[in-house]
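Letter by letter, the chains look like this.
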Amino acid sequence: MSNFLVSTCSSPLALDENNSTKQDHVIRNTVTFHSSIWGDQFLTYDEKDDLVAEKQLAEELIEETRKELIITTSSHEPIQHMKLIQLIDAVQRLGVAYHFEKEIEDALQHVYRTYGHQGIHNNNDLQSISLWFRILRQQGFNVSSEIFKNHMDEKGNLFSNDVQSMLALYEASYMRVEGEKVLDDALEFTKTHLAIIAKDPSCDSSLRTQIQDALRQPLRKRLPRLEAVRYIPIYQQQSSHNQILLKLAKLDFNMLQTMHKKELSEICKWWKDLDMQNKLPFVRDRLIEGYFWILGIYFEPHHSRSRMFLIKSCMWLVVIDDTFDNYGTYEELEIFTEAVERWSINCLDMLPEYMKLIYKELVIVHQEMEETLEKEGKAYHIHHVKELAKECTRSLLVEAKWLKEGYMPTLDEYISNSLITCAYAVMIARSYVGGDDKLVNEDSFKWVATHPPLVKASCLILRLMDDIATHKEEQERGHVASSIECYIKETGATEEEAREHFSKQVEDAWKVVNRESLRPTAVAFPLVMPAINLARMCDALYKGNHDGYNHAGKEVIQYIKSLLVHPLI
């Protein structure tokens, strides 16, 4: 429920007495969020003594795996090429694909040139064809879905009752784009029949678990790091598993976990020194959940600098969002928006006292990164993310105005504005900051700033899944109307009908994500991955109509512990 606090000049959050907008009594609509459930457990971490030996062993295992990928690629035998696809699938699901980006690209280019749209095996091998299709589509190759027509009748029923083939086709169908009826039909059929099999007590228990996991979350929507945690023990149980690859996956996971814990420790110290809970008690303390979100975008070691900038700057998205939603008056928010537009530390004097910390840290975080990048000739990176941050702040002010005036926006108005306030475009641009010159250039940032279909689709997935999960709580605390309320008002639908409508829109948005990930992509292929991973994060945090960011339940807590607490053994 909302709390209505009265601030006076004696309050630590009172307006500066020299500020022209000072009021003797300011009624603020705020909500008291529960404190962090994590305490200080990530503030320190144990430095490993054997990192040098681990790195040396990892390099040896990487080289062995690299040789196998190259040798298998060079074969002229279709059966070896199918083994290559299976090996690439394992490498990706085990979380070590970043070591073999060139080898995987070369291998799939070779497979694509050799077989085109026909698949490696003959048309009777549905499991192989489904795997081939999914792996190539995941890597951006626009292979045709028409190949599946040979396995289905006009009603979309499969000719095969083989469970593994059905499961493989189910996973492949999530790579569908708009207008691919054969995959729409395949998904509907496989989902229905797999759900029946999953409830059959006579079904093998491990297979049943595999099906249940897939039905809960298909591979396309799984975060790579979480899939590695889930898949490594499954892969270990397979009689055909590659010992070298398995050993590499475990070692690499634990080495990365050590790096992530070190990063998080530094971030926790930074956050603790800011003393946000005392200075700005209306702000959510979700630092650990925030780092989990950033880890979903990039987990690889060469993105460490980007992660550190992302978590610091994106925590400020939360601070600003809470200031707009939960504390600031409209007049104060107007002043803050103007200060953001000017983006200068000289604007501090124009702000209310409690906003000075917010604004100062916003400027400092970007200034520190800008000074580092200036030495590399990349200062323009920060210029572009600043412009997107300004756009986001302007849109937050629009929502504040709607709330002040009691205005119910149309659904189109709400969606158009909230695709900006959800801040995914800002996060995608920030994920490019400090990136490889071979991939990131000024056009990369300009592309994000135009809100192209891929960025819009990722934003829409977040906006709708967030609204479905949080709209009741937000309405209780006097938040601006969400898509649910707007849709109900415009159509007369029930709340359940609104949820169903927007859930379908989320699935349609994934089709856009898939289409915009096919080559030739508007930006270098690695630069589409942040948008895809941000969409996947929504599935991790908001699936099942639960807000896993603000109210981390057992599942999200387990996700975080598996990535940041428990090493693999």
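For the structure, check the block above.
Given the structure is predicted, the values throughout are model-derived calculations rather than measurements.

J.: It is not clear to me how the overall build of the protein chain should be interpreted in this structure. Could you clarify?
T.: Per the secondary structure count, the protein chain includes 23 helices and two strands. A compact globule built from 569 residues should have a C-alpha radius of gyration of about 25 Å, and the protein chain, at 25 Å, falls within 12% of that. Relative to its full complement of 569 residues, the protein chain shows a buried share of 59%. In the protein chain, once contacts between residues fewer than 6 apart in sequence are set aside, the share between residues at least 24 apart is 73%. Of the roughly 24,800 Å² that the protein chain leaves accessible, carbon and sulfur atoms contribute 50%.

J.: Any chance you could explain the pattern of salt bridges here in plain terms?
T.: Scanning the model with the defined rule gives 39 salt bridges in all. Between Asp89 and Arg93 there is a salt bridge, with its nearest N and O atoms 3.8 Å apart. In this pair, Asp89 and Arg93 both sit in helix H2 (residues 78-93), four residues apart, roughly one turn of the helix. In this structure Asp89 comes out as buried when scored by relative accessible area, which is 8%. Since its relative accessible area comes to 16%, Arg93 is described here as buried. In this structure, Asp184 engages Lys511 in a salt bridge whose closest nitrogen and oxygen atoms are separated by 3.2 Å. Highlighted residues: Asp184 in helix H6 (residues 181-198) and Lys511 in helix H21 (residues 495-516), separated in sequence by 327 residues. With a relative accessible area of 22%, Asp184 lands in the partly exposed category. For Lys511, a relative accessible area of 11% corresponds to the buried category. One connected set of salt bridges, linked through shared partners, spans Asp89, Arg93, Arg134, Asp213, Arg216, Arg222, Glu227 and Arg230.

J.: What should I look at first to understand the side chain of Asp213 in this one?
T.: Tracing the sequence through the fold places Asp213 in helix H7 (residues 205-216). Dropping the residues within four chain positions of it, Asp213 is found in contact with Arg222 and Arg230.

J.: Hey, could you run me through the nonpolar core in this one?
T.: The nonpolar side chains of soluble globular proteins are, as a tendency, buried together. Ranked by size, the top nonpolar core spans 132 residues in total, and within it Trp293, Trp316, Tyr424 and Tyr432 carry the most contacts. Per-element tally for this core: the top contributor is helix H12 (residues 304-327), with 13 residues. Ignoring any residue separated from it by four or fewer positions in sequence, one finds Trp316 in contact with Trp270, Trp271, Leu274, Met276, Leu357, Ile358, Glu361 and Leu362.

J.: Quick question: what am I supposed to make of the packing of aromatic side chains here?
T.: Two descriptors summarise a pair of aromatic rings, namely the distance from one centre to the other and the angle between the planes of the rings. Counting across every chain of the model gives 22 aromatic pairs. Between Phe133 and Phe148 the ring centres are 5.1 Å apart and the planes differ by 80 degrees, which places this aromatic pair in the edge-to-face class. With Phe133 in helix H4 (residues 126-138) and Phe148 in the loop between H4 and helix H5 (163-173), this residue pair connects regions lying 15 residues apart in the sequence. On the accessibility criterion, Phe133 (0% relative accessible area) is buried. Under the relative-accessibility criterion, Phe148 is labelled buried at 0%. Centre to centre, the rings of Tyr432 and Phe445 are 6.0 Å apart; their planes meet at 70 degrees, and the pair counts as edge-to-face.

J.: What exactly am I supposed to notice about the packing of helix H17 (residues 424-432) against helix H22 (residues 529-542) here?
T.: If you want to describe how two helices pack, look at the angle between their axes and the distance between the axes. Two numbers describe how H17 lies on H22: the axes approach to 10 Å, and their chain directions differ by 135 degrees. Classified by the angle between their axes, H17 and H22 sit oblique to one another. Crossing of H17 against H22: the hand is right-handed. Residues Tyr424, Met427, Ile428, Ser431 and Tyr432 of H17 lie in contact with H22, whose contacting residues are Pro530, Ala531, Leu534, Ala535, Met537 and Cys538.

J.: Can you help me understand the environment of Ala509 in this one?
T.: Relative to the helices and strands, Ala509 is located in helix H21. Take Ala509: its relative accessible area is 4%, and that puts it in the buried class. As a C-alpha pair, Ala509 and Phe336 span 173 residues in sequence and 33 Å in three-dimensional space. Those residues in contact with Ala509, other than ones at most four positions away along the chain, are Ala457, Leu460 and Ile461.

J.: Explain helix H9 (residues 243-274) to me, please; I cannot follow it from the model alone.
T.: An α-helical turn contains 3.6 residues, so a residue and the one three or four places further along point in the same direction. The end-to-end C-alpha distance of H9, which contains 32 residues, comes to 47 Å, matching closely the 46 Å that a straight helix rising 1.5 Å per residue would cover. Sitting at the amino-terminal end of H9 is Asn242, which places a side-chain oxygen 3.0 Å from the backbone nitrogen of Ile244. Backbone geometry just after H9 places Asp275 at a positive phi near 55 degrees.

J.: For this particular structure, what's the right way to read H22?
T.: The end-to-end C-alpha distance of H22 is 20 Å, a good match for the 20 Å that 14 residues give at a rise of 1.5 Å each. Of all 14 residues making up H22, 13 are buried, and the element is well covered by its neighbours. Immediately beyond the C-terminal end of H22, within one or two residues, lies Gly544, with a positive phi of roughly 80 degrees.

J.: I keep staring at the environment of Asp106 and nothing clicks. Help me out?
T.: For Asp106, the position within the fold is in helix H3 (residues 101-115). Each C-alpha atom, one on Asp106 and one on Ile70, is 8.7 Å from the other, the two residues being 36 residues apart in sequence. A distance of 2.7 Å separates a polar atom in the side chain of Asp106 from a polar atom in the side chain of Lys102.

J.: Would you take a moment to explain the environment of Phe133 for this structure?
T.: For the pair formed by Phe133 and Leu169, sequence separation is 36 residues and the distance between their alpha carbons is 9.2 Å. Setting aside anything within four residues of it in sequence, one finds Phe133 in contact with Val143, Ser144, Ser145, Phe148, Ala172, Met175 and Leu183.

Rules and cut-offs
- What you see as residue numbers is a count from 1 along each chain, following the sequence as written.
- The model is predicted, so local features are restricted to residues of pLDDT at least 70 and side-chain atom pairs to those at 80 or more, both for listing and for counting; the totals for chains, interfaces and linings are taken over all residues.
- To get the side-chain values, all heavy atoms of the structure are used, and hydrogens and water are removed first.
- To qualify as a helix, a DSSP run of H or I must reach at least 4 residues; to qualify as a strand, a run of E must reach at least 2; elements of each kind are numbered from the N terminus.
- Radius of gyration means the value over C-alpha atoms here, while the globule rule gives 2.2 Å times the residue count to the 0.38 power.
- When accessible area is computed with a 1.4 Å probe and restricted to protein chains, residues below 20% of their type maximum are described as buried, those above 50% as exposed, and intermediate ones as partly exposed.
- Residue contacts follow a heavy-atom distance rule, with two residues in contact if any of their heavy atoms lie within 4.5 Å.
- Each accessible area value is a Shrake-Rupley result obtained with a 1.4 Å probe; residue values ignore everything except the protein chains displayed when judging cover.
- Salt-bridge detection follows one rule: a side-chain nitrogen of Lys or Arg within 4 Å of a carboxyl oxygen of Asp or Glu.
- Only buried Ala, Val, Leu, Ile, Met, Phe, Trp, Tyr and Cys residues count toward a nonpolar core, and they belong to the same one when joined by side-chain atoms within 4.5 Å.
- Here the aromatic set is Phe, Tyr and Trp, taking the six-membered ring for Trp, and pairing holds for ring centres within 6.5 Å; pairs whose planes are under 30 degrees apart are stacked, those over 60 apart are edge-to-face, and all others are tilted.
- As a rule, the C-alpha atoms of each element are fitted with a line to give its axis, helices using only the stretch in contact, and angles between N-to-C directions run from 0 to 180 degrees.
- Oblique is the label for any angle not covered by the other classes, which are roughly parallel (under 35 degrees), roughly antiparallel (over 145) and roughly perpendicular (65 to 115).
- By definition, any crossing whose near helix is turned counterclockwise from its far helix by less than a right angle is left-handed, and any crossing with a clockwise turn is right-handed.
- One less than the residue count of a helix, multiplied by 1.5 Å, gives the span that helix is expected to have.
- Side-chain atoms alone can form a polar contact between residues adjacent in sequence; in general such a contact is a pair of N or O atoms within 3.5 Å, and within protein one must be able to donate a hydrogen while the other accepts it.

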